[in-house]
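Fold and geometry: a report
Here is how the chains run, residue by residue.
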Amino acid sequence: MAEPHLIGEAMTGGYGRGADILHGCTLSVDKGEIAVIVGPNGAGKSTAMKAVFGMLNLREGAVRIGGEDITHLSPQDRVAKGMAFVPQTSNIFPSMTVEENLEMGAFLRRDDIRPTIEQVYDLFPILRDKRRQAAGELSGGQRQQVAVGRALMTQPSVLMLDEPTAGVSPIVMDELFDRIIEVARAGITILMVEQNARQALEIADTGYVLVQGANAYTGTGAELMADDEVRRTFLGG
Amino acid sequence: MTARGFLLYAGMALLIVLTGMFQGWNLALTILNMGLISAIMSLGVNLQWGFAGLFNVGVMGFVALGGLAAVLVAQPPVTEGWNAGGLRLLGALALGAAILVGAVQVWKRKIGGSMRALVMLALLIGGFFLFRASLDPAVQAIEAINPSLSGYLGGLGLPIIVAWPVGGLLAAGAAWIIGKAALGLRSDYLAIATLGIAEIVIAVLKNEDWLSRGVKNVVGLPRPVPYEVDLQRDPGFVEAAAGYGLDPVTASTLWVKILYSGLFAVVLIVILFLAQRALASPWGRMMRAIRDNEVAASAMGKNVTARHLQVFILGSAVCGIAGAMMTTLDGQLTPGSYQPLRFTFLVWVMVIVGGSGNNYGAVLGGFLIWWLWVMVEPLGLWAMELITSGMSPDNWLRGHLTDSAAQMRLMTMGIILLAVLRFSPKGLMPER
Amino acid sequence: MTDILNAIVALSNFVLVPGAAYGAQLALGALGVTLIYGILRFSNFAHGDTMAFGTMATILVTWGLQSIGISFGFLPTALIALPIGIAITGLLLLGTDRAIYRFYRKQKAAPVVLVIVSIGVMFVMNGLVRFIIGVGDVNFADGARFVINAREFKEMTGLDEGLAIRTTTLITLVTAAIAVALLFWFLNKTRTGKSMRAFSDNEDLALLSGINPERVVAVTWLIVAALATTAGVLYGLDKSFKAFTYFQLLLPIFAAAIVGGLGNPLGAIAGGFVIAFSEVLITYAWKKVLVYAMPESLEPSGLVQLLSTDYKFAVSFAILIIVLLFKPTGLFKGQSV
Ligand SMILES: Nc1ncnc2c1ncn2[C@@H]1O[C@H](COP(=O)(O)OP(=O)(O)O)[C@@H](O)[C@H]1O
Ligand SMILES: [Mg+2]
């Protein structure tokens, strides 16, 4: 099998000098595909995302993108390698306008960012209407759109999303999932954590179930949905 | 205390002895006495910061309240003043207090939002004018009586030692009010609030002539120890002095200072003992638990704000006691001499340098920093003379440098504070 | 009718004009405090002494210019010296950051540690200023004293009350307006300014976006140097320069920044004027105005001064406490770190 576009391989590590939270966890995703991580609260999903993005030091394991080892790069350098990350919490600049949020996302770019901003507005039309409004004043769903839009501003090849639908209404959630699929169709690789496991696995090419910092089940979205054990324990029947 | 602690204390004692040998025992005792008082202030701040992590930068205010207590307790009452308007003035103050209590009560009522605020505001504004209308005539009457010598109400005429605990109580009262308002808010808000209250206390002392003569100062406070002139007239004392080979004037000056040292040392030891007991008690352990993790402590059901209020009041009271002692030692209350750099921030340097969280460290810091504060000036002058010795005597720079040597103090204190924070953040005697 | 006009003129002369000038000075000071809080996340106790240092540097340059015969016509020479004063202060602040604050930033020290560190810096700066220029009053305003003086105004209008507008008052208002406009243009329109706001809003996300924190911090110190020096020079021109007075300005400046909402520049400006006008209104002797404004029978006998001017700190303090009790994040939404 060819090397996947992004892989975090056998990652072991934790925060600072604290105990390990990840225990040999492996996550990978092929180009233009969607990988979804599900699992109980406190399983280490967010921690695994941060590890892939270089926000904590791994004791063991490696992270590679397009075959290149980036284990020792800082998050900023990973942005330069084409990665973008939408954290689970505080993922916008609340007192800045929507448009300024997008500009800050493109801070490292020196070329014309106007077309990218237009692409984001085309993807999330509501943001175009609200572009002069402070992002902190928007509704939960709109804020998540700003967060995703900000991450897209670097024109990444990999987009990492940590619970993008947390705290939004079901209708908005469907809408967001549609947009995420649209982004993936444009050739952007997506690695995301989701609470709404059932819906997320439906759109996933690959699914990972994480328990206590380790891979419990791995398979295509459909396989996991079909697995009785997974259904009973994680999808509520 | 650890071996390191004993060594440090021995070194400190040596510094004072050397000062006595080279610069005279009078200076050494002067430093020792203010060192004892500084050590008590430092203990007070250490209670708040070291035990509980409370950031009080209003030490000056509590110290000044202690000084006020010395006047109110020890000065003889001014009968003419009392006759002129004493009771009216007390009445006005009671009215003012009643208005404030009333406003707070209105605020606590559960009536509809804007109505409540309006009633409270009306009460406060109307009350303010009523208060001023009843206070002003009384104040005028009192201040009109012999203003160049008195013009105030005087005190209770009690022994001045009584003022020490009273100073603590006054400071505790002020701490209660400020703590009620600002504790539970963020740490730097408490800092600004205490900075403000200290300025207000000084403004009151400077302005309210009926209370303590304002900037006209109260001088000649009674003493807890004999006067030098009386000693010099006492044949027994003169004889004893001669036995040590001292002339009566020198001997009486030294003896008075030694008596003060004795009194202050007793107070310091008592407070240090109590502070040590408190530190080791369950109360002290809980305090430090709260300091180290406020969130966890309040999650465990500890009432953090109430605990903070306790320790804030205690620490401020200790500062008030020290303030009363200092005014006693000076024999006068001079509101103009209270400067935050000297009375608030210098005490902070003492605590940080000594070792926050360690009572012995705080005491050591009090002595050491006070010693430095006094000694930096002559040392600075000496250094400046050395630097400028090559210049001609009428050189402008030479004159400027020697004149400015006095300002070296603040810079030195700042550099010491920064150096300790950087290279030994736990201070000379770490908490553990 | 003329009574009403007289009342308005007296009010402007003694309350509105001086209050506006003082408010502008406090606002500039509070902007510095609030920027440091927003970016470096601590309350800088050395700010009053930074203002004193900047003013001192400007005074020294002013003296230098005067000694070689340069002046600025009817404007004070200090205005020419101001940019140089700002540059010197900027170097001092950058040096302080390098030598002192950066160490704690790398350690991710708690804000209160930085506050204590700033107290050490305060001591050193205070000592430095006293060492260089002494503790006395320094009056360095030259040029014309008045734009309009009271006598001219009375002759012009025929009113009993005069309105004196001092040159320094006008300069304060104009300079402060320019400084604030520049600051807001910088923060809202430039890439670097926006990156500062982003950093202040959400430090982690700013890092993820590739914003260089050290650069943001350095730019902040430079802006703070400009604001603090300008505030200090304007205050010194208006009144006089004295090291200790500048230290005492810390209280109303902090009050202004907190009342407006720490970390919020717009709030700092509003807070500056709220504090300044409250101080002036409450410590002003209203008799003069009321004599004109009230019918004869109701005219006041006393001075009608609510509080003696020495209690002006009490006013800032009372407003501060009221705001903290009822709206802890300030009038404009500030940060609550
Ligand atoms: N910043 C942090 N520092 C230390 N421990 C953390 C931190 N963030 C999360 N943890 C711990 O790591 C574990 C996994 O948390 P997280 O990755 O957020 O779980 P999930 O996202 O799956 O709900 C939890 O035990 C949590 O307490
Ligand atoms: Mg999570």
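Residues numbered from 1 in each chain as written. Chains lettered and ligands numbered in written order. Predicted model: local features only at pLDDT ≥ 70, side-chain atom pairs only at ≥ 80, totals over all residues. Heavy atoms only, no water.

Looking now at the overall build of chain B. Within chain B, the regular secondary structure consists of 18 helices and zero strands. Computed over C-alpha atoms, the radius of gyration of chain B comes to 24 Å, within 12% of the 22 Å expected from 2.2 N^0.38 for 432 residues, which places it in the range of a compact globule. Summarising its shape, the C-alpha atoms of chain B cover approximately 75 × 60 × 50 Å along the three principal directions. Taken over 432 residues, chain B has a buried fraction of 51%. Taken as a whole, chain B presents about 19,100 Å² of accessible surface, with 69% of it coming from carbon and sulfur. Mean positive and mean negative side-chain charge positions of chain B (27 and 20 charges, respectively) differ by 17 Å. (Helix = DSSP H or I, 4+ residues; strand = E, 2+ residues; numbered from the N terminus. Rg over C-alpha atoms; globule rule 2.2 N^0.38 Å. Buried < 20%, exposed > 50% of the residue type's maximum accessible area, 1.4 Å probe, protein only. Areas by Shrake-Rupley, 256 points an atom, 1.4 Å probe, with all protein chains shown as cover. Lys, Arg positive; Asp, Glu negative; His and termini not counted. Charge placed at Lys NZ, Arg CZ, Asp CG, Glu CD.)

We now examine the site of ligand 1. Residue and element names in this part refer to chain A. The environment of ligand 1 is made up of Tyr-15, Ile-21, Pro-40, Asn-41, Gly-42, Ala-43, Gly-44, Lys-45, Ser-46 and Thr-47. Gly-42 places a polar main-chain atom, nitrogen or oxygen, 2.8 Å from an oxygen atom of ligand 1. With respect to ligand 1, the side chain of Thr-47 contributes an N or O atom lying 2.4 Å from an oxygen atom. Class assignment of the residues belonging to the shell around ligand 1 gives a composition of four nonpolar, five polar and one charged. (Near = heavy atom within 4 Å. Polar contact = N/O pair within 3.5 Å; in protein donor to acceptor, adjacent residues only side chain to side chain. Nonpolar A, V, L, I, M, F, W, Y, C, P; charged D, E, K, R; others polar.)

Another point: the interface of chain C and chain B. Opposite the 50 residues of chain C that make contact, chain B presents 49 residues. Carbon and sulfur atoms make up 77% of the area that chain C and chain B hide from each other, which totals about 4,400 Å². Of all residues in chain C, C:Phe123, C:Phe131 and C:Tyr311 give up the largest surface area on contact with chain B, accounting jointly for 18% of the area buried on that side. Linking chain C with chain B are zero salt bridges. Taken together, chain C and chain B are joined by five residue pairs in polar contact (both at pLDDT 80 or more). Among the elements of the structure, α3 (78-106), α4 (111-133), α10 (243-248), α11 (250-260) and α14 (312-326) of chain C are those that each provide at least two residues to the side of chain C that touches chain B. The element that contributes the greatest number of residues to the side of chain C that touches chain B is α4(C), accounting for 16 residues. Among the residues making up the side of chain C that touches chain B, the classes are represented as 39 nonpolar, nine polar and two charged. (Contact = heavy atoms within 4.5 Å. Buried area = accessible area lost by both parts, 1.4 Å probe. Salt bridge = Lys/Arg side-chain N within 4 Å of Asp/Glu carboxyl O.)

As a further point, take the coordination of the magnesium ion (ligand 2). Every protein donor of the magnesium ion (ligand 2) is listed here as A:Ser46 (OG) and A:Gln88 (OE1), and their distances to the metal cover 2.0 to 2.2 Å. Placement of A:Ser46 in helix α1 (residues 45-53) and of A:Gln88 in the loop between β6 (83-86) and α3 (98-105) is noted, with a sequence separation of 42 residues between them. (Donors = N, O, S within 2.8 Å, 3.2 Å for Na, K, Ca; no water.)

Attention now goes to the layout of surface pockets. The volume enclosed by the second largest pocket comes to roughly 1,200 Å³. Taken together, 42 residues line the second largest pocket, and the ones lying closest to its centre are B:Trp49, B:Gly53, B:Arg291, C:Ala110 and C:Val112. At the level of secondary structure, the elements contributing two or more residues to the lining of the second largest pocket comprise α2 (25-52), α7 (187-207), α12 (282-292), α14 (304-330) and α18 (408-423) of chain B together with α3 and α4 of chain C. If you tally residues by element for the lining of the second largest pocket, the top one is α4(C), at four residues. Considering only residue class, the lining of the second largest pocket consists of 23 nonpolar, nine polar and 10 charged. (1 Å grid on protein atoms, 1.4 Å probe; cavity = no way out; pocket = protein on both sides within 12 Å on 5 of 7 lines; lining within 4 Å. Points joined across faces, edges and corners; volume = space filled by probe spheres on them.)

Residues and elements named next belong to chain A. Spatially, the four strands line up as an open sheet ordered β2-β1-β4-β5, and their pairing is antiparallel. Here the strands that pair on one side only, and so sit at the sheet edges, are β2 (22-29) and β5 (68-69). Taken together, the six bridges between strand β1 (residues 6-13) and strand β4 (residues 58-65) define a ladder with antiparallel strand orientation. Each bridged residue has a counterpart across the sheet, and for Ile-7 the counterpart in β4 is Arg-64. Together, β1, β2 and β4 form the strand contacts of α1, whose direction differs from that of β2 by roughly 70 degrees. (Pairing = 2+ DSSP bridges. Axes fitted to C-alpha atoms, helices over the stretch in contact; angles between N-to-C directions.)

Residue and element names in this part refer to chain C. Relative orientation of the contacting elements helix α6 (residues 167-189) and helix α9 (residues 213-238) amounts to 170 degrees, with a least axis distance of 9 Å. As judged from the angle between their axes, α6 and α9 are roughly antiparallel. On the side of α6, the interface is formed by Thr-168, Thr-169, Ile-171, Thr-172, Thr-175, Ala-176, Leu-183 and Phe-186, while α9 contributes Val-219, Ile-223, Leu-227, Thr-230, Leu-234, Leu-237 and Asp-238. Taken together, the residues of the contact of α6 with α9 sort by class into nine nonpolar, five polar and one charged. (Parallel < 35°, antiparallel > 145°, perpendicular 65-115°, else oblique.)

We now examine the domain arrangement of chain B. All names here are of chain B. Domain annotation for chain B reports domain 1 (3-77 + 154-423) and domain 2 (78-153). Computed from C-alpha coordinates alone, the two centres of domain 1 and domain 2 are separated by 33 Å. Between domain 1 and domain 2, the contact holds 14 residues from the first and 15 residues from the second. Of the roughly 970 Å² buried between domain 1 and domain 2, counting both surfaces, carbon and sulfur atoms make up 53%. (Domains from an automatic or database assignment.)

B:Phe55, B:Phe345, C:Phe45 and C:Phe241 are the most contacted members of the largest nonpolar core, which totals 265 residues. Residue-level mapping places this core at the junction of two domains, with at least three residues from each of domain 1 (3-77 + 154-423) and domain 2 (78-153) of chain B. Contacts of B:Phe345, omitting those with residues within four sequence positions, involve B:Val57, B:Leu195, B:Pro340, C:Phe45, C:Ile119, C:Met122, C:Phe123 and C:Phe247. Formed by 45 residues, the second largest nonpolar core is a distinct cluster that contains A:Val120, A:Ala151, A:Leu152 and A:Ile180. (Core = buried A, V, L, I, M, F, W, Y, C linked by side-chain atoms within 4.5 Å.)

Glancing now at the interface of chain C and chain A. A common measure of how large an interface is: the accessible area buried when the components associate. With 15 residues of chain C at the contact, the number on the chain A side is 23 residues. One can count two salt bridges joining chain C with chain A. Here A:Glu100 ties to C:Arg197 by a salt bridge, and the two come within 2.7 Å at their closest N and O atoms. In this assembly, chain C and chain A are joined by eight residue pairs in polar contact (both at pLDDT 80 or more). Its residues placed into classes, the side of chain C that touches chain A shows six nonpolar, five polar and four charged.

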